[in-house]
Structure formats: C-alpha cells, structure tokens
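This is what each chain is made of:
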Amino acid sequence: MQYRQLGATDLNVSRICFGCWQLSPAWWGAVQVEPWAAAVRAALDGGVNFIDTADAYGDGLAETELGKLLKGDGTRDRFVLATKFFWNFADGPDRFPDTTHDYILRACEASLRRLQTDHIDLYQIHAWDPLTRPDEVAAAFQQLRREGKVRWFGASNLNPEQMELYRAHFDVSCLQPPFSLLATEVAARELPYCLRHNIGVINYSSLQRGLLGGHYTAESTFVGRRADDPLFRRAGLKIVLQAVEEAKAVAAGLGLTIAELAVRWVLTHPAITSAIVGVRKAEHITGIVRAADDRLTQKTWHWLAARFRRAQAEALAASA
Ligand SMILES: NC(=O)c1ccc[n+]([C@@H]2O[C@H](COP(=O)([O-])OP(=O)(O)OC[C@H]3O[C@@H](n4cnc5c(N)ncnc54)[C@H](OP(=O)(O)O)[C@@H]3O)[C@@H](O)[C@H]2O)c1
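Here we summarise the structure given alongside this text. What you are looking at is a predicted structure, and each value in this text was computed from that prediction instead of being measured. All chains use their own residue numbering, which begins from 1 and follows the written sequence. Per-residue local features are limited, in this predicted model, to residues with pLDDT of at least 70; the limit for side-chain atom pairs, both in listing and counting, is 80 or more; totals at the level of whole chains, interfaces and linings are taken over all residues. Side-chain metrics in this entry use all non-hydrogen atoms of the structure; hydrogen atoms and water are not considered.

## Points about the site of the ligand
- Near the ligand you find 29 residues, and of these Asp52, Ser205, Arg209, Tyr216 and Arg280 are the closest.
- A distance of 2.8 Å separates a nitrogen atom of the ligand from a polar side-chain atom of Ser156.
- Surface accessibility follows the Shrake-Rupley procedure with a 1.4 Å probe radius. Residue values consider only the protein chains on display as shielding. Relative to its free-state accessible area of 900 Å², the ligand is covered by the protein chains to the extent of 92%.
- At three residues, the largest contribution of residues to the shell around the ligand is made by strand 12 (residues 274-278).
- Of the residues assigned to the shell around the ligand, the class counts are eleven nonpolar, 14 polar and four charged. Residues are counted as near a molecule or strand when any one of their heavy atoms sits within 4 Å of it. Side-chain atoms alone can form a polar contact between residues adjacent in sequence; in general such a contact is a pair of N or O atoms within 3.5 Å, and within protein one must be able to donate a hydrogen while the other accepts it. Here a strand is any run of E in DSSP of at least two residues, a helix any run of H or I of at least four, and the numbering for each starts at the N terminus. Side-chain classes follow a simple rule in which Ala, Val, Leu, Ile, Met, Phe, Trp, Tyr, Cys and Pro form the nonpolar group, Asp, Glu, Lys and Arg form the charged group, and the remainder, Gly included, forms the polar group.

## Considering the pattern of salt bridges
- Salt bridges are defined by distance alone: a side-chain nitrogen of Lys or Arg within 4 Å of a carboxyl oxygen of Asp or Glu. A full pass over the atoms with the stated rule returns 17 salt bridges.
- The partner of Asp121 in a salt bridge is Arg76, with the nearest N and O atoms 3.0 Å apart. Placement of Asp121 in strand 8 (residues 120-125) and of Arg76 in the loop between helix 3 (61-73) and strand 5 (80-85) is noted, with a sequence separation of 45 residues between them. Both residues of the pair, Asp121 and Arg76, count as buried.
- Glu161 is the salt-bridge partner of Arg189, the closest N and O atoms lying 2.9 Å from each other. With Arg189 in the loop between strand 10 (174-176) and helix 7 (190-196) and Glu161 in helix 6 (residues 160-167), this pair connects stretches of sequence that are 28 residues apart.
- The exposure class of Arg189 is partly exposed, given its relative accessible area of 39%. When a residue's accessible area, from a 1.4 Å probe over protein chains only, is under 20% of the maximum for its type it is buried; when over 50% it is exposed; and in between it is partly exposed.

## As for the environment of Ala282
- Locating Ala282 in the fold gives a position in helix 10 (residues 282-286).
- For the pair formed by Ala282 and Trp36, sequence separation is 246 residues and the distance between their alpha carbons is 7.0 Å.
- The criterion used for residue contact is that any of the two residues' heavy atoms lie within 4.5 Å. With residues up to four places along the chain from it excluded, the contact list for Ala282 reads Pro35, Ala38, Ala39 and Ala42.

## Some remarks on the sheet that holds strand 8
- Two strands are said to pair when DSSP picks up at least two bridges between them. Strands sit in the order 3-4-5-8-9-10-11-12 around a closed barrel of eight strands; the barrel is parallel. Averaged over all adjacent pairs, the angle separating strand axes in this sheet is 30°, with direction ignored.
- When strand 4 (residues 50-52) meets strand 5, the two strands line up parallel, connected through three bridges. Note on strand 5: the bridge partner recorded for Asp52 is Ala82.
- Axis lines are fitted to C-alpha atoms, over the contacting stretch for helices. Their N-to-C directions set the angle, which ranges from 0 to 180 degrees. Along the sheet face, helix 4 (residues 101-115) touches strand 5, strand 8 and strand 9 (150-156) and points at about 135° away from the line of strand 8.

## Observations concerning the nonpolar core
- If you look at the biggest cluster of nonpolar residues, it comprises 101 residues, and the most contacted ones within it are Phe18, Trp36, Tyr123, Val263, Trp265 and Phe308.
- Broken down by element, this core gets its largest block of residues, eight residues, from helix 9 (residues 258-268).
- Once residues lying within four places of it in the same chain are set aside, the contact partners of Tyr123 are Thr83, Lys84, Phe85, Ile104, Ala107, Cys108, Leu144, Val150, Trp152, Phe153 and Gly154.
- Listed in part, the twelve residues of the second largest apolar core include Cys17, Trp152, Cys174 and Ile276. Buried residues of nine kinds, namely Ala, Val, Leu, Ile, Met, Phe, Trp, Tyr and Cys, make up a nonpolar core once their side-chain atoms join them within 4.5 Å.

## Looking at helix 8 (residues 234-253)
- The span one expects for a helix is its residue count, reduced by one, times 1.5 Å. Taking 1.5 Å per residue as the helical rise, helix 8 with its 20 residues ought to reach 28 Å, and the 29 Å between its terminal C-alpha atoms agrees with that figure.
- Regarding helix 8, the residues found buried are Gly236, Leu237, Val240, Leu241, Ala243, Val244, Ala247 and Ala251.
- The secondary structure elements touched by the buried residues of helix 8 are helix 9 and helix 11 (298-319).
- Gly255 sits one or two positions beyond helix 8 and adopts a positive phi of about 75°.

Structure representation (structure tokens):
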C-alpha cells in the first residue's frame, strides 16, 4: 500500500480509503454488520489506514457500528478517522442542511459519542449550506480545534467559489468530490483548484456506486435510491455494461479486475490523494489495495476516459 500526505496536513493516509456509506439501508438495503466488520479488519491488514464515514449514513448507524468495532478491537488509533456533518436529522426523516455554530458543536459531540473516540482527524462539511455565513462555521471550527476534538477540517461537494468563501475564514485541508470513469465533472475546475492550493482530494464513488465493480448484469435490479439513477435503469445499464466488458479486457491485460482498474484510473490523476471505495465485505477491499501499486499509462488512461465518456452520454440519452 502506498501512502500520501493529505494536502498540507500532517496526516499520512493510504491511497485507498475505506468508505462506510454502505451502512445506510436507504441506499444499500439491509445492513450486514459482520461481513462489514471483517472487511474493516481485512483493510487494516492490507495497509489501509484511512476510513471515511458521516453522521448521516444510516442516521448515525455507520458511526455507531464503526465506534463499536474500533473500540472493541482497540484499533481506533491505527486509523485516520474522517467523518462529516451537515444534515440535521434530529427531527426524523425531514432532514435539512444545518451548519450553524451551535449545530456544528452538537453534531460533533454526537459523532464523538457514537464513534467512541475523543477526537476526529478530519471533520468534513458534507455539502454547501447557502444559509450560514462562513465566519460562523469558522467560529465553531476554531472552538472544536481549541478543545482538541477535531484535528483538520475538510469539505465535500463544493465548487471552487464555495471553497474560496470558506478558505477566507479557515483552512479547507481536503475536498471530497465524486470522481470516477463515469463521473468526471470535477476534472475541469475542482481538481485543478485543489492542485493549485495544495488541498488534498479524496474522491468518492470510485466505482460509481458499484457499476464499475464488474458483477452487475443487464438483469440486475437495485434497491433503495440507486433504482432512480438513470445509469442503473435497464436501458442505461445495458450501455454502461458494454463499456465495462471492454474495460475488463484492459484490466485482465494488467492483471487487475475491472474494479481495481477503475480505482487505478482515479488514482492516476495527480490531484487525487486517496480513492474512497465503498465496502460491504472483505472481498471488496482485499484486491483493491493492489490498485495503488502503480499508475496507468497515459494511453490507457485516456482510452478509458473516452470510452466511458461515450458510454455515459449514450446511457443518459437512452434513459431520458
Ligand atoms: N461525500 C459524499 O457526498 C459521498 C457520497 C457518496 C459516497 N461517499 C463516500 O464514498 C464511499 C464510496 O462511494 P460509494 O459508496 O458511492 O461507492 P463505490 O465505491 O463507487 O461503490 C461501492 C460498491 O461497489 C461494489 N464494490 C466495492 N468493492 C468492489 C470490488 N473490489 N469489486 C467489485 N465490486 C466492488 C460494491 O457493490 P455491491 O454492494 O453491489 O456489491 C460496493 O457496495 C462511501 O462509502 C462514502 O464513504 C461520500
């Protein structure tokens, strides 16, 4: 496993980050805790030292299970622990964005309690909140850092203008955007911005929510909200899977699975510090660690980019 410094922080993180969104029944169906726990242990054995979760994943469930596991195994200090806040779900299903000063302090306390730890290594704003002034967010962050509850701050799903607004008041050490062979929008502005300002990037949905995992067929059906995604609907799915089949041949030539190839594609981009991979069972993570061993050649990287760009356009048109 290779490691990189996360932006300008002192965090040395593995290039694969273990994603915990899969402990969210609304998106991924019933949660199987035991296989997931075995996967966390397998990740650690494979050299993964970076784990990403959020308070909103399963409305606290992901943090609670992770906290139990890390406490029980005594492995909290072997991980760089990243979590997020933003969605105020205290009143039940009608969640809403909340980055007000007092809410941040309360949300952080609740995350620390669920995670059974005294500090969070990377605390991320999950998305842009248009209603709260950046200086108010900064005041809460200063307090959390002063109290030793948070080491570094990051943000997710922001554009460069939004990062600028925050960066006038506090350090944004890391951006967490979507980026994969089937989601390349951030390559135009966000990734160059992060490179220019030495902001770490940990991209999510490296496997496009499983579509680049290589195990779905045109007959696969999806539970939860993935069923509403045009790339997962029958017409679009068929087109994407054709590109996946072609990429499998490229992967085989490199001694990789298609999932490993897709992650290596992401990691070859110079802005990417670590690729987050969503994991449900040990088999998901044991091979993926190989993706970080090497880079793709420029020729292969661009061939894959072009092939999946075409597949995405055709799939969206077919599902419209
Ligand atoms: N900040 C945000 O707004 C945001 C949004 C989304 C995600 N995230 C973070 O990023 C993480 C990853 O993104 P994601 O959840 O969208 O998922 P992803 O990594 O794109 O896809 C995960 C799915 O891919 C399949 N998979 C995983 N490893 C595999 C392997 N080695 N071979 C074949 N298939 C494999 C599994 O599908 P099956 O379960 O079907 O087998 C798994 O559930 C999340 O867990 C979360 O931490 C953040």
